[in-house]
Amino acid sequence: MTKRVAIFISGGGSNMVRLVEDMQAGNHAGEPVLVLANDINADGLTKAKALGVPTAVVDHRPFKGDRAAFEAALQAVLDQVQPDIICLAGFMRVLTEGFVAPWEGKMLNIHPSLLPKYKGLHTHARALEAGDREHGCTVHLVTPALDDGPILGQAHVPVLEGDTPDDLAARVLVQEHRLYPAVLRRFAAGDMRPIMLP
Ligand code: GAR
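So, a few notes on the structure that sits alongside this text. As the structure is a computational prediction, the values presented were derived from the model and not from experiment. (Residues numbered from 1 in each chain as written. Predicted model: local features only at pLDDT ≥ 70, side-chain atom pairs only at ≥ 80, totals over all residues. Heavy atoms only, no water.)

## Points about the side chain of T143
Which entries qualify depends on this criterion: Here a strand is any run of E in DSSP of at least two residues, a helix any run of H or I of at least four, and the numbering for each starts at the N terminus. What makes two residues a contact is simply this: any of their non-hydrogen atoms within 4.5 Å.
Structurally, T143 is set in the loop between strand 6 (134-141) and strand 7 (151-158). Contact partners of T143, with chain neighbours within four places excluded, come to V100, E104, D148, G149 and P150.

Take a look at the structure:
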């Protein structure tokens, strides 16, 4: 049976577009049923609509830091759509254990570093500051601890002389667009073996 996939975004949604395109390409165990943003101005919402995927917005700001109430509103939207899998794709809100626990094993995230290195923000600048020669991205299962769950895939990029954080982010994003669809394709089919891209 097809797995219903909801994708959470906060901004441009380029990873979301790649996930949707891959599901719509056919021969895929997943089907995109919802793109949800926490910001009504997220550019990805327009892209999702153009791809024919239903959208929803749950703005975090009116909740004024009440994470439990924000997450209850997220869950209420999900209750209407009944997804089997959630993909966090540039969703820039930290989700607490109350939301994550019921979705454990069914929620994926893409993070722009080679986890366990550089959990949290500013990953590209931190890799440069550390003098790393290699950087990349990771898709992992979401657990209550931030950027910490079992790894489902990683892709590597070289760090080049003179790179700025933006240079590195752009190089990593190209690999994110290869990695995340490949992982979701496998995961939706029930295959948990990690994908390691060079
Ligand atoms: C991506 O680089 C993703 O890895 C990162 O945000 C970007 C979203 O781009 N996610 C995080 O930093 C999560 N902590 P997109 O909206 O174009 O997919």
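After that view of the structure, there is still more to cover.
## Overview of the site of the ligand
Selection criterion: Think of it this way: one heavy atom of a residue within 4 Å of a molecule or strand is enough to make that residue near it. A 3.5 Å cut-off defines polar contacts: any pair of N or O atoms within that distance qualifies, except that in protein one atom must be a possible hydrogen donor and the other a possible acceptor, and neighbouring residues in sequence count only when both atoms are side-chain atoms. Using a 1.4 Å probe, the Shrake-Rupley method yields the accessible areas, and only the shown protein chains count as cover for residues. Classification convention: Asp, Glu, Lys, Arg as charged; Ala, Val, Leu, Ile, Met, Phe, Trp, Tyr, Cys, Pro as nonpolar; all other residues, Gly among them, as polar.
Taken together, G12, G13, S14, N15, G90, M92, I110, H111, P112, L173 and E176 form the complete shell of residues around the ligand. Here an oxygen atom of the ligand and a side-chain polar atom of S14 are 2.6 Å apart. A distance of 2.9 Å is found between an oxygen atom of the ligand and a backbone nitrogen or oxygen belonging to N15. Burial of the ligand by the protein amounts to 81% of the accessible area it has alone, namely 450 Å². Within the residue set of the shell around the ligand, elements represented by two or more residues are helix 1 (14-24), strand 5 (107-111) and helix 6 (165-188). Here the residues of the shell around the ligand sort into 4 nonpolar, 6 polar and 1 charged.

## Describing the pattern of salt bridges
The condition is simple: Salt bridges, as used here, are contacts in which a Lys or Arg side-chain nitrogen is within 4 Å of a carboxyl oxygen on Asp or Glu. Categorising residues by exposure relies on relative accessible area from a 1.4 Å probe, with only protein chains included: less than 20% of the type maximum marks a residue as buried, more than 50% marks it as exposed, and the intermediate range marks it as partly exposed.
Summed over the entire model, instances satisfying the criterion amount to 9 salt bridges. Where D22 meets R185, a salt bridge forms, and the shortest distance between an N and an O atom there is 3.0 Å. Placement of the pair is D22 in helix 1 and R185 in helix 6, with a sequence separation of 163 residues. For R185, a relative accessible area of 27% corresponds to the partly exposed category. One continuous salt-bridge network, built from bridges that share partners, spans D39, D59 and R61.

## Quick look at the packing of aromatic side chains
What counts here: Stacked, tilted and edge-to-face pairs are distinguished by plane angle, under 30 degrees for stacked and over 60 for edge-to-face with tilted covering the rest, among Phe, Tyr and Trp rings (Trp via its six-membered ring) whose centres lie within 6.5 Å.
Enumeration over the complete set of coordinates arrives at 3 aromatic pairs. Plain terms: the ring middles of F8 and F99 are 6.3 Å apart, the flat faces sit at 40° to each other, and that makes the pair tilted. With F8 in strand 1 (residues 3-9) and F99 in helix 4 (residues 97-103), this residue pair connects regions lying 91 residues apart in the sequence. Overall, the relative accessible area of 0% leaves F8 in the buried class. Its relative accessible area of 3% is what places F99 among the buried residues. Clustering of aromatic rings is evident, with ring pairs tying together F8, F91 and F99.

## Focus on the pairing of strand 5
What counts here: Two strands pair if DSSP finds at least two bridges between them. When the strands point away from the viewer, a crossover counts as right-handed if the route from the first strand across the helix to the second turns clockwise.
Counting buried positions along strand 5 gives 5 out of 5 residues, so the element sits mostly inside the fold. Burial along strand 5 is two-sided: the residues M107, N109 and H111 and L108 and I110 are all buried. For strand 4 (residues 85-88) and strand 5, the ladder comprises 3 bridges, and the chain directions are parallel. Along strand 5, the bridge assignment pairs I86 with M107. Read from strand 4 through helix 4 to strand 5, the crossover connection turns out right-handed.

## What about helix 3 (residues 67-81)?
Heads up, the condition is: One less than the number of residues in a helix, times 1.5 Å, gives the span that helix is expected to have. Each C-beta atom gives one direction from the helix axis, and the arc is the one those directions make.
For helix 3, spanning 15 residues, the distance from its first C-alpha to its last is 21 Å, which sits close to the expected 21 Å at 1.5 Å a residue. Along helix 3, the residues classified as buried are F70, E71, L74, V77, L78 and V81. With its buried residues spanning 115° around the axis, helix 3 presents them on a single face. In helix 3, the exposed residues that point more than 90 degrees away from the buried face are A68 and Q80. Structurally, helix 3 contributes buried residues whose contacts are with strand 1, strand 2 (30-37), strand 3 (55-57), strand 4 and helix 4. Residue Q82 follows helix 3 closely and has a positive phi angle near 55°.

## What about the sheet that holds strand 2?
Convention followed: Note on geometry: axes are C-alpha line fits, over the in-contact stretch for helices, and angles between N-to-C directions span 0 to 180 degrees.
The strand order 3-2-1-4-5-6-7-8 describes an open sheet built from 8 strands, whose pairing is mixed. Looking at strand neighbours, the two that pair on one side only are strand 3 and strand 8 (195-197), the edges of this open sheet. Geometrically, the sheet is characterised by an average inter-axis angle of 15° between neighbouring strands, direction not taken into account. On the sheet, helix 6 packs against strand 1, strand 2, strand 4, strand 5, strand 6, strand 7 and strand 8 and is oriented at approximately 155° with respect to strand 7.

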